[in-house]
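Commentary on secondary and tertiary structure
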There are 2 protein chains.
Amino acid sequence: MLFTPGPTEMTDVIRQIGAQPLPYFRSPDYCSHVQDLTAKLRVLFGTRQTPLTVTASGTGGMEMALVNLFSPGEEVIYINGGTFGAKWGQMARDLGLTAVEFAVPHGHDIDVQALLTQIGPQTRGLLLSGHETSTGQRFDIKSICQALAGRDCLSVIDGVSAIGCDPFEMDAWQADCAIACSQKGLACMPGLVFVTFSERALHRLRQTRHHRSYFDARVYLDNIGRGMLPFTPAMHAGFQVAAMLERILATGLSAHLGAIEQRAQGFRKTMKAAGFAAFAQSPSNALSSLRLPAGVQATALAGRMRQNHDAILPLNPTKAEDFIRVSHMGAQTSEQLAQLAQWLSIEVKAMQVCSS
Amino acid sequence: MLFTPGPTEMTDVIRQIGAQPLPYFRSPDYCSHVQDLTAKLRVLFGTRQTPLTVTASGTGGMEMALVNLFSPGEEVIYINGGTFGAKWGQMARDLGLTAVEFAVPHGHDIDVQALLTQIGPQTRGLLLSGHETSTGQRFDIKSICQALAGRDCLSVIDGVSAIGCDPFEMDAWQADCAIACSQKGLACMPGLVFVTFSERALHRLRQTRHHRSYFDARVYLDNIGRGMLPFTPAMHAGFQVAAMLERILATGLSAHLGAIEQRAQGFRKTMKAAGFAAFAQSPSNALSSLRLPAGVQATALAGRMRQNHDAILPLNPTKAEDFIRVSHMGAQTSEQLAQLAQWLSIEVKAMQVCSS
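Now for a description of the structure that goes with this document. Model, not experiment: these values are computed from the prediction.

**Comments concerning the overall build of chain A**
- Helices and strands together make up the secondary structure of chain A, namely 13 helices and 11 strands.
- For 356 residues, the compact-globule estimate of 2.2 N^0.38 gives 21 Å, and chain A sits close to it at 20 Å.
- Taken over 356 residues, chain A has a buried fraction of 62%.
- The contacts in chain A between residues at least 6 apart in sequence include a share of 72% that link residues at least 24 apart.

Have a look at this one:
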C-alpha cells in the first residue's frame, strides 16, 4: 500500500473511471463535463474565479504561474524551507526571473513579520507553498496572503499537495494564484494540474512580457467559458477528478478535510505514545513527519517497510535520514494507519537491536 | 464510435490498464518500466537516441522542441499547409523566435526544391509535420530531412498524429527532432508526449539560450538513463503505451503500419467508387479526407453521422466545409469502415435531396 504523497491510493470507483471509453474532446457532452469540473474546482479552491485545467504535472502548473505573472528580470521572493520551496527558486531562475531566497529552517514556521520586511517595492511576487512536502510543515499562508493584498506583490501558492488536504480559501485569504493537481489531495491519476488566478493576477497576466505558449493562461481563459480546453487533455484524470469532487462536495469540503485531519492526528498520537516526536512545528493534514531514534536511518527503514510489509513510504528529497514521512492523502483508513504504526515500531526496534 | 484523429478508440485490454493501482514512481520497478518503455519507443522512432517521456499534450512536445533547440530571435521556417503547420508558426512566434512561413496549398505536396531555396544561412530550423492532420496530406519529410542533414538547419518533425501510423525512421532519414504522443497512432489515453533529439540536436540544446524549466530536455536527459522521470508522470498512459508497443513490436512495426495502410486504402477505394474524391494529393495512413458533393456541408454531415449512427467524425479546424475527414487510428476494423462508408453515402444522398 502507498503511503507516499502522490501518487496515492485510489478507490476502486475512481480507478475504474480510468478504463472508460473516451468521447471526442470537441463534443458538446465533453464541453459540459469541463464546465461541470470547473464549477466543482471553484469550490475546492474557494474562489469565484475560474480554475484552468492543464495537462502537466504539478511542476507544469508552477511554470504556468511564473510565465504568466512575471516578466524576465523581475524580482520574486521564495521561501526555502525544504526541497519544494527551493524548487520555486530554481524554476524562477531558470525562467529568467530574479529569485531572492527567504530561508526557513526545515520543519519550522515562517516568521511572517521578518518575511514582510523583506518585501520591497521591487518585489513583484512571493512564491509560497501551502505546506513544504519535504518536511510536512504547514505554513500560515492565510496571514501572508492577507498582508500582501494591500501591496503590489502577488502571492503565488504551490498547493499541489496541500489543496484537498489542508483548508484553503483563495478568495477569503486574498491569494493571487494557486495550483492544485489530480494525484495528491484528490487521489486520482496523475496527469492534470489546476491553476487559478485572482482578479488582479488576471490583470497582471495580460501585461506580462514572458514568452509563453503551452502554458499561456490567456488561451485557456479565452476558451474555458464554453468548456473548451485548448489542447487534448488527460481526459480520464478529468473524469476522475469530477467524480471525486462530486463525492467530496456531497458531504461538504470541510467534512472531507476534517476526516483527513482526524486520521493524521490519530496516527501522530499513536506514534507520539510510541516515542516518535513530530518533525514539523505545524504539521499539514497531508502528511506526518516523525523523528527517528538515533541510529535509525530513514532510507533503511523505508526499505524494511517495503520488503517486510509492502508499505511504501516516500524517500526524503532533502536526503535527511533523521525523520520519516507518512502521507495521509488518498484512500486510507485509520485501521491501516494503526497497522502501519505497529509495523514502524517493530521495524525501528529491530533496527535498534541490530545497531546496538 | 470515434473516427477522430485523437482521442481514438482503445482496445479493451489497453483501456483496463487505465484502472490499475499505481506503484510509487520512485520505486525500482517503476524505473524498470520507464527503461523498458524508452527501449520500445526507440523502435517506434527508428532511433538509437533516447526518446523522452513528458506529461503534456502533443502541443507541449512541440514547445519542448522549440525552447530547447532555438534561442529567442533566431529564425525558423514553418510549412503552412493547414492548421497544424500554421500552429508551428504561431508557437514559434509566441516563444520569441522569428518564424518565416512557407505556404503550401491545403491538401498539396510540398515543393521540396522551392522550399530548399528558401533556407539560408540564418535559418536555424525547419518546422515540419509528418502529415498535416487538418487536410490528411502526408509530406515527404524523408527527402527534406536528408537534404537538411548537410546544412546547419535542424529538421523538427511534428509526428504527433503521424508516428505510429505512417512510416518514420528518425536516424535513417536524419531527422533532428521528432514528437509522438500516447493518444493518436498508439491509441492509448491522452497524457504523454514523447520527444527525441538527434545527436546534433543534443549538441544544440546544451547551447540554446531559451528560458526553460518544465520542458528543459537537459533535466530529462540527465535522469532517463536510470529510468527516472523528473516530475510525476501520467503513469497510466505510460503503462498503456508500453503494453501497446509490446503488442505492435511482437508482430513488427511495419506489419502494424501496413495494416493501417490497408484499412485506409480499402476505405478510400470504397468511397471513390461511391463518388467521393480524395482531398489530399498524398494521403496519410492516419486519416482519409474526402471531397463532398456540392451543397453538402461537412459540419452538417458530421452532425447527422453523430445523431443517426453514433459515428463521431472530427470537425475541420480549417473551417473548410467541402471535405470531411475520417481517422484510421486506433481500434478500428475494415468492417466498421465499410459500415461507415455506407452511412456516409446514405446521409450525403439524404442531404442532397433536402437541398435540391
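**Considering the relation of the copies chain B and chain A**
- Screw-axis analysis of chain B against chain A gives a translation of 0.0 Å along the axis, an RMSD of 0.0 Å, and a rotation angle of 180 degrees. One copy is carried onto the other by what is essentially a two-fold rotation axis. Among all residues of chain B, the one whose C-alpha sits closest to the rotation axis is B:Gly18, at a distance of 2.2 Å.
- The share of interface residues of chain B whose copies in chain A are also at the interface is 100%, consistent with both copies meeting through the same surface.

**Remarks on the sheet that holds strand β9 (residues 192-197) of chain A**
Residue and element names in this part refer to chain A.
- Reading across from one edge, β1-β9-β8-β7-β4-β2-β3 is the order of the 7 strands in this open sheet, with mixed pairing throughout. Every interior strand has two partners, whereas the edge strands, β1 (52-55) and β3 (98-103), have only one. Ignoring which end each strand starts from, the neighbouring axes of this sheet average 25 degrees apart.
- The sheet contact formed by strand β4 (residues 123-129) and strand β7 (residues 154-158) spans 5 bridges and is parallel. Note that in β7 the partner of Leu 127 across the bridge is Val 156.

**Description of helix α12 (residues 298-309) of chain A**
- For α12(A), which comprises 12 residues, the first-to-last C-alpha distance of 16 Å matches the rise-based estimate of 16 Å (1.5 Å per residue) to within 8%.
- Remark: A:Asp310 follows α12(A) within two positions and exhibits a positive phi of approximately 55 degrees.

**Here we look at the packing of aromatic side chains**
- One pass over the full model with this rule turns up 17 aromatic pairs over all chains.
- Ring geometry for A:Tyr24 versus A:Phe25: centroids 6.0 Å apart, planes at 85 degrees, classification edge-to-face. Taken individually, A:Tyr24 and A:Phe25 each receive the classification buried, so the pair is uniform in this respect.
- Judged by centre distance (6.0 Å) and plane angle (85 degrees), the rings of A:Tyr220 and A:Phe231 are edge-to-face. Of this pair, A:Tyr220 sits in helix α9 (residues 217-224) while A:Phe231 is found in the loop between α9 and α10 (235-251), placing the two residues 11 residues apart along the sequence.
- Pairwise contacts between aromatic rings join A:Tyr214, A:Phe215, A:Tyr220, A:Phe231, B:Tyr214, B:Phe215, B:Tyr220 and B:Phe231 into one cluster.

**Notes on the sheet that holds strand β9 (residues 192-197) of chain B**
Residues and elements named next belong to chain B.
- Sheet architecture is open: 7 strands sit in the order β1-β9-β8-β7-β4-β2-β3, paired in mixed fashion. Looking at strand neighbours, the two that pair on one side only are β1 (52-55) and β3 (98-103), the edges of this open sheet. The average angle at which neighbouring strand axes cross in this sheet is 25 degrees, direction not considered.
- In this sheet, strand β4 (residues 123-129) lies alongside strand β2 (residues 75-80) in parallel orientation, the contact comprising 4 bridges. Paired with Val 76 across the bridge in β4 is Gly 125.
- Contacting β1, β8 (177-181) and β9, helix α2 (residues 28-45) crosses the sheet at an angle of about 65 degrees to β9.

**Some thoughts on the side chain of A:His131**
All names here are of chain A.
- By the secondary structure assignment, His 131 is in strand β5 (residues 131-132).
- Reaching out from His 131, the side chain makes a polar contact with the side chain of Thr 133 at a distance of 3.3 Å.
- If we ignore the near neighbours within four places in the chain, the residues touching His 131 are Gln 137, Arg 138, Phe 139, Ser 161, Ala 162, Asp 166, Ser 284, Ala 286 and Leu 287.

**Remarks on the state of the cysteines**
- For the structure shown, the criterion picks out 0 disulfides over all chains.
- We note that A:Cys31 lacks a disulfide partner, and the nearest cysteine sulfur, in B:Cys181, lies 20 Å from it.
- When its relative accessible area of 10% is taken as the criterion, A:Cys31 is described as buried.
- Among the cysteines around A:Cys181, which has no disulfide bond, A:Cys165 carries the closest sulfur, lying 9.4 Å off.

Analysis parameters
Residues numbered from 1 in each chain as written. Chains lettered and ligands numbered in written order. Predicted model: local features only at pLDDT ≥ 70, side-chain atom pairs only at ≥ 80, totals over all residues. Heavy atoms only, no water. Helix = DSSP H or I, 4+ residues; strand = E, 2+ residues; numbered from the N terminus. Rg over C-alpha atoms; globule rule 2.2 N^0.38 Å. Buried < 20%, exposed > 50% of the residue type's maximum accessible area, 1.4 Å probe, protein only. Contact = heavy atoms within 4.5 Å. Least-squares fit on C-alpha atoms with pLDDT ≥ 70 in both. Pairing = 2+ DSSP bridges. Axes fitted to C-alpha atoms, helices over the stretch in contact; angles between N-to-C directions. Expected span 1.5 Å × (residues − 1). Phe/Tyr/Trp six-rings, centres within 6.5 Å; stacked < 30°, edge-to-face > 60°. Polar contact = N/O pair within 3.5 Å; in protein donor to acceptor, adjacent residues only side chain to side chain. Disulfide = S-S within 2.5 Å.

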